[in-house]
Amino acid sequence: MLSAARSNAKRRVGQNAAMTRTITSFIDGAFVPADGARLFDKRSPVDGRVIARIAEADAAQVNAAVQAARRAMAGEWGRMPVEKRCALLHAMADEITRRFDDFVAAEMADTGQPSHVMTHVFIPRGAANFKVFADVVKNVATESFRTDTPDGRGALNYAIRKPKGVIGVVCPWNAPFLLMTWKLGPALACGNAVVVKPSEETPLTAALLGEVMNAVGIPKGVYNVVNGFGPGSTGEFVTSHPGVDAITFTGETRTGTAIMRAAAEGVRDVSFELGGKNAGIVFADADFDAAVDGIFRSAFLNTGQVCLGTERVYVERPIFERFRDALKAKAEAVKYGRPEDHASTYGPLISREHQQKVLGYYRLAVEEGASVVTGGGVPQMPAELAEGCWVQPTIWTGLADDARTVREEVFGPCCHLRPFDSEDEVVGLANDTDYGLSTTIWTQNLARAHRMAERIDVGITWINSWFLRDLRTPFGGSKHSGIGREGGVHSLEFYTETRNVCVKL
Ligand SMILES: NC(=O)c1ccc[n+]([C@@H]2O[C@H](COP(=O)([O-])OP(=O)(O)OC[C@H]3O[C@@H](n4cnc5c(N)ncnc54)[C@H](O)[C@@H]3O)[C@@H](O)[C@H]2O)c1
Ligand SMILES: O=C/C=C/C=C(\O)C(=O)O
């Protein structure tokens, strides 16, 4: 989370302003002019160049976005039959697929992550997020109860679902398009209008989506985007606006706390997907190569900037050293490079600020007594990439269970390996955290895996897999990792208001 003072420090006009495009808010179906707005730079994480200037939406612009959304709810969108709404969402998915290369390019520019991650994971999920929820809302039933009454005639109760209204959607930077559409799909399928606040680090795909909304004919005002920072800026203006009926947020736990305070005013509902400090657990009987591959991905995909990633890895003692060496070999084989270069397997961190945070943890781990198995610093990069936000994939051993590096979310490409001796011990270690988002267990003993899945306090347990997502399943975090569940019918709990109708017969 950026403090207001640090956000101010980041507001500066691009050096090559004449050549860079300006990203402005998208309100009531149009990009608003940047006139008079404060501008801040979006820098490439790969080489530090300014790639866009972003116009910060002030309170008046946020208000205009909320009013546009309210008008949409009162107009054609609010009256649209479900069938037509869902057809529009399918058209969204098709248009995203048609403009696949534009989305890949925009997301690569924002995040610097390799093209294969975009083409195989992040952008296809964006299209799927619209399709899946369109199909869910068309097929879900509501409950009905026949009630006895003293006169013997009875009553019939039935539930109906109505959109909640205007949803504030506040997004992080780590998988911008996937995470934004994961909220937009169900929000729009349920008939709401939205005001989206993308991360200040990653505005590009949200802007592109405005073009897609217009191309397929989503009515004006249904989808609004306002850019800017969090505290004292656009994010706070959205979450404290009384015309926003509910807020869905993905990001840091501390930010969730601030947003919950804002939502208390007006008693507005929240849905939170927050941080994690997830455990990976590898038993000696696991398929060794699959476990090494799986833990490698869970620790280092997206340069470790995945909320579901494993920064704590527990390995059964008989295979500990062999596992450590195999993971080290894979971490040392990553190919740094530009995202467009198909040979690249590993990208930079999102920003200079985040790089400094992660490097701070790299230093702290050593101060706390870690042995550095590999990494721990900044790789040597060619001159043209030297200004990028690169850090080495890093593996530690030897930290105490109460070390800060073992307890706090780093959100970088790093993990601590620790041996364990028994199922009970590793369940205790996995649960010894304030967070509760996910865990990944590698074993061929499935009875044990099922047993452990019930004992580990997380929203999702993967067994012999990681980040394998079926969008119909409940998704969210326990403890400090979130409030509520989204996915499939669970999303309807948040994005609709369920009402009961009671008819005396
Ligand atoms: N649980 C999940 O599904 C999930 C998924 C992805 C990321 N995350 C978490 O997100 C974090 C990384 O993302 P981030 O650094 O962008 O998070 P962040 O909390 O710093 O920012 C997220 C968004 O909130 C806005 N914001 C910040 N302060 C605000 C305030 N006071 N009021 C309103 N808006 C505010 C930001 O501008 C940004 O758009 C990690 O902690 C990660 O674990 C969780
Ligand atoms: O970085 C976090 C990734 C979260 C993934 C999802 O929210 C999802 O797959 O729906």
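What counts as what
- Residues numbered from 1 in each chain as written.
- Chains lettered and ligands numbered in written order.
- Predicted model: local features only at pLDDT ≥ 70, side-chain atom pairs only at ≥ 80, totals over all residues.
- Heavy atoms only, no water.
- Pairing = 2+ DSSP bridges.
- Helix = DSSP H or I, 4+ residues; strand = E, 2+ residues; numbered from the N terminus.
- Axes fitted to C-alpha atoms, helices over the stretch in contact; angles between N-to-C directions.
- Salt bridge = Lys/Arg side-chain N within 4 Å of Asp/Glu carboxyl O.
- Buried < 20%, exposed > 50% of the residue type's maximum accessible area, 1.4 Å probe, protein only.
- Phe/Tyr/Trp six-rings, centres within 6.5 Å; stacked < 30°, edge-to-face > 60°.
- Lys NZ or Arg CZ within 6 Å of the ring centre and 35° of its normal.
- UniProt positions renumbered as here; feature names shortened; annotations may be inferred.
- Core = buried A, V, L, I, M, F, W, Y, C linked by side-chain atoms within 4.5 Å.
- Contact = heavy atoms within 4.5 Å.
- Near = heavy atom within 4 Å.
- Polar contact = N/O pair within 3.5 Å; in protein donor to acceptor, adjacent residues only side chain to side chain.
- Areas by Shrake-Rupley, 256 points an atom, 1.4 Å probe, with all protein chains shown as cover.
- Nonpolar A, V, L, I, M, F, W, Y, C, P; charged D, E, K, R; others polar.
- Expected span 1.5 Å × (residues − 1).

## Structural notes on the sheet that holds strand 14 (residues 310-316)
Pairing is mixed in the open sheet, where seven strands are placed in the order 15-16-17-14-13-19-20. Single-partner strands in this sheet number two, and they are strand 15 (371-374) and strand 20 (460-463). Direction aside, the axes of adjacent strands within the sheet are offset by 25° on average. Bridge count between strand 13 (residues 278-282) and strand 14: five bridges; the pairing is parallel. Considered in strand 14, the bridge of V282 is made with V315.

## A closer look at the pattern of salt bridges
Applying the stated criterion across every chain yields a total of 31 salt bridges. A salt bridge links D47 to R338, with the shortest nitrogen-to-oxygen separation between them at 3.1 Å. Of the two residues, D47 is situated in the loop between strand 4 (39-43) and strand 5 (50-55) and R338 in the loop between helix 12 (320-331) and helix 13 (352-367); the sequence distance between them amounts to 291 residues. The exposure class of D47 is buried, given its relative accessible area of 8%. A salt bridge links E200 to K197; the shortest N-O distance between them is 3.2 Å. Of the two residues, E200 and K197, both sit in the buried class. Shared partners join several salt bridges into a network, and the residues in it are D47, R49, R338 and E384.

## What to know about the packing of aromatic side chains
One pass over the full model with this rule turns up 17 aromatic pairs. When the centroid spacing of 6.1 Å and the interplanar angle of 75° are considered together, the rings of Y336 and W390 count as edge-to-face. Here W390 lies in the loop between strand 15 and strand 16 (394-397) and Y336 lies in the loop between helix 12 and helix 13, a separation of 54 residues in the sequence. A residue is classified by how much of its surface remains accessible, and W390, at 1% relative accessible area, is buried. Cluster of aromatic residues (ring-pair linked, three or more members): F26, F31 and Y223. Sitting over the ring of F288, R322 keeps its end group 3.7 Å from the ring centre.

## A look at the UniProt feature "domain: Aldehyde dehydrogenase" (unreviewed entry) in the chain
Mapped onto the present numbering, the UniProt feature "domain: Aldehyde dehydrogenase" (unreviewed entry) falls at residues 32-501. Helix makes up 40% of residues 32-501 and strand 20%, whereas the separation of the span's terminal C-alpha atoms amounts to 43 Å.

## A closer look at the nonpolar core
The biggest cluster of nonpolar side chains holds 72 residues, and the ones touching the most others in it are F130, L209 and Y223. Not counting the four nearest positions on each side in its chain, F130 is found in contact with L89, M92, A93, I96, T181, L184, G185, L188, L209 and M213. Counting residues in hydrophobic clusters, the runner-up holds 39 residues, among them F320, Y362, L417 and W442.

## Re the site of ligand 1
Close contacts around ligand 1 come from 32 residues, with K197, E200, T255, L274 and E409 the closest. Here L274 contributes a backbone N or O atom positioned 2.7 Å from a nitrogen atom of ligand 1. Relative to its free-state accessible area of 850 Å², ligand 1 is covered by the protein chains to the extent of 96%. Going through the elements one at a time, helix 9 (234-239), strand 11 (246-250) and helix 10 (253-264) are the ones with two or more residues in the shell around ligand 1. Of the residues assigned to the shell around ligand 1, the class counts are 17 nonpolar, nine polar and six charged.

## Thoughts on helix 5 (residues 100-111)
Look at helix 5: 16 Å from first C-alpha to last across twelve residues, which is about the 16 Å you get at 1.5 Å a residue. Turning to helix 5, its buried residues are F103, V104, A106, E107, M108, D110 and T111. Where the residues of helix 5 are buried, they touch strand 4, helix 4 (82-98), helix 6 (115-139), helix 7 (176-189) and helix 8 (204-216). Just downstream of helix 5, G112 is the residue with a positive phi angle, here 75°.

## Considerations on the site of ligand 2
All residues adjacent to ligand 2 are R125, N174, L178, L179, W182, E273, V306, C307, L308, F467, R469 and F475. At 2.6 Å, a side-chain N or O of N174 approaches an oxygen atom of ligand 2. Take R469: an N or O atom from its side chain is 2.7 Å from an oxygen atom of ligand 2. The fraction of the free accessible surface of ligand 2 (300 Å²) that becomes covered by protein chains is 99%. Across the shell around ligand 2, the residue classes break down as eight nonpolar, one polar and three charged.

## Looking at the UniProt feature "active site" (unreviewed entry) in the chain
Following the UniProt record, one finds the feature "active site" (unreviewed entry) at E273. Within the secondary structure, E273 sits in strand 12 (residues 269-273). On the basis of relative accessible area, E273 is assigned to the buried category, the value being 7%. Residues within four places of E273 in sequence aside, it is in contact with W182, K183, F249, T250, G251, F475, S481 and E486. One polar contact links E273 to W182, side chain to side chain, over a distance of 3.0 Å.

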